[in-house]
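Structural overview
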Amino acid sequence: MTTLETAQGYAAGMGGLPFDLPASVRIQEVGPRDGFQLEPAVIGTADKINIIDALAATGIPALQLTSFVRPDAVPQLSDAADVMAGCTKVPGVEYSVLVPNLKGAQRAMECDADVWELMLSSTDAHSIANANRPTEAAFELLRPAIELGLANDVRLVGAMATSLGCPFEGRTGFDRVAWVTGLYADAGVGHVTLADTAGLADPAYVYDMCRRLADAFPQTTITLHLHNTRGLGMANVLAGLAAGVTHYDSSIGGLGGCPYAPGATGNIATEELVHLLSLLGVDTGVDLDALIRIARGPVRAAVGHPLESSFGKADPSWVLHDPPAQQVLPQPAGT
Ligand code: ZN
């Protein structure tokens, strides 16, 4: 018996949620980039390639493989070109890489990535901490990379770190996020990623930001990149769905962390996202059982520590268990 369908039927019988859900959602798996880059122990290139190839077979439509940052800045990803060359590209799966500047774009050009995600912080304080210059100057560094990508028909996505809260400046206002989205749009980048880099967002904030941004930039596609640092990851996904967002980033096993809260949880887990969307009847095309096997097997082995995802331990909610055997109680004495 498919108990997922029973669960969905139960939810539908209750009248559903007080907003329309999209029929489908597109998930980008970012564990091999955003997850691995914060792992303290070096993960072997062959292990990375095995995990990437396994993930590409789950039905996931997009995978972020690595980052073309300076190898000395993120040693864990210094094998970017080898990872790109070693994985077996699955037709229909989009392979993306993170690109911080023209040099990174030139390295990415040699690797035949489908998508370049451009690195940029939405707030000046975070941009100065990360890229040594405020947002506008950092964007100017991206401009030649954008031109190279557009000239070569690479699909470009403009990341906006700290657009849902900054660990230095606090809550990022809509006007600021709209200004950065406008910089991208004017340069020919019509897809942005709103990132809750430090896990500071909440559902009302996510809903308001996404709704207003979608209204102001109807031609721009919005991806939500959410973190679960304070346990609000899935609640924020629901707020994104209510606002009509259909693109989400997530990480296998919940890999990743928060540079401002050492040891804290990072990205929302892909298994938890697919599980939630399955219960809501929103199609992702992703095989949840396969994801859970990959998380519990090769990912757990590669990182060498327990995973943050609930599905490191629990099964999907529609998996039923045999009740415990009936206990025979002792008869009261003397009766
Ligand atoms: Zn992240």
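Higher on the page you've got the structure.
Residues numbered from 1 in each chain as written. Predicted model: local features only at pLDDT ≥ 70, side-chain atom pairs only at ≥ 80, totals over all residues. Heavy atoms only, no water.

A look at the pattern of salt bridges
Oppositely charged side chains may form a pair once their charged atoms are brought near each other. Quick note on the threshold: In the sections that follow, a salt bridge refers to a side-chain nitrogen of Lys or Arg positioned within 4 Å of a carboxyl oxygen of Asp or Glu. Accessibility here uses a 1.4 Å probe with only protein chains present; expressed as a share of the type maximum, an area under 20% marks a residue as buried, one over 50% as exposed, and anything in between as partly exposed. Runs of E in the DSSP output that reach at least two residues are strands. Runs of H or I that reach at least four are helices, and both are numbered from the N terminus.
Under the defined criterion, the tally for this structure stands at 12 salt bridges. The shortest N-O distance in the salt bridge between D72 and R70 comes to 3.1 Å. Its relative accessible area of 56% is what places D72 among the exposed residues. Since its relative accessible area comes to 56%, R70 is described here as exposed. As a salt-bridge pair, D114 and K89 come within 3.6 Å of each other at their nearest N and O atoms. One end of the pair, D114, is in the loop between α5 (102-109) and β4 (115-118); the other, K89, is in the loop between α4 (80-86) and β3 (94-99), and 25 residues separate them in sequence. With a relative accessible area of 36%, K89 lands in the partly exposed category.

Overview of the coordination of the zinc ion
To keep it simple, the criterion reads: The rule for donors is simple: N, O or S, within 2.8 Å of the metal, or within 3.2 Å if the metal is Na, K or Ca. Water isn't counted, so a site may look like it is missing partners. Donor angles set the geometry label: tetrahedral for four donors if every angle is between 85 and 135 degrees, square planar for four and octahedral for six if opposite donors exceed 155 degrees and the others are between 65 and 115, irregular for anything else.
Within the protein, D34 (OD), H225 (NE2), H227 (NE2) and N267 (OD1) serve as the donor atoms for the zinc ion, at 1.9 to 2.2 Å. Around the zinc ion, the four donor atoms are arranged such that angles at the metal cover 83 to 157°; this shape is classified as irregular. In primary sequence terms, the donor set of the zinc ion follows D-x190-H-x1-H-x39-N. Taken together, the residues H227 in the loop between β7 (221-225) and α10 (233-242) and N267 in the loop between β8 (247-250) and α11 (270-279) connect sequence positions 40 residues apart. Overall, N267 belongs to the buried group, its relative accessible area being 2%.

So, the sheet that holds β4
Cut-off, in case you're wondering: Here, a strand pair is defined by DSSP locating no fewer than two bridges between the strands. Think of each axis as a best-fit line through the C-alpha atoms, taken over the contacting stretch in the case of a helix, with angles from 0 to 180 degrees between the N-to-C directions.
Around the barrel, eight strands lie side by side as β1-β2-β3-β4-β5-β6-β7-β8; this closed barrel has parallel pairing. Each strand of the sheet is rotated relative to its neighbour by a mean of 25°, with strand direction disregarded. The pairing of strand β6 (residues 191-195) with β7 spans five bridges and is classified as parallel. Looking at the pairing, A195 lines up with H225 of β7.

Let's talk about the nonpolar core
In a soluble, globular protein the nonpolar side chains are often hidden away together inside. Cut-off, in case you're wondering: Definition of nonpolar core: a set of buried residues of the types Ala, Val, Leu, Ile, Met, Phe, Trp, Tyr and Cys, connected through side-chain atoms within 4.5 Å. By the convention used here, residues are in contact when the closest approach between their heavy atoms is within 4.5 Å.
The biggest cluster of nonpolar side chains holds 84 residues, and the ones touching the most others in it are Y184, L194 and L213. When residues in this core are grouped by element, the largest group, eight residues, is from helix α12 (residues 288-303). Apart from the residues lying within four places of it in its own chain, the contact partners of Y184 are L118, L120, F139, L142, G158, A159, M160, V189 and V192.

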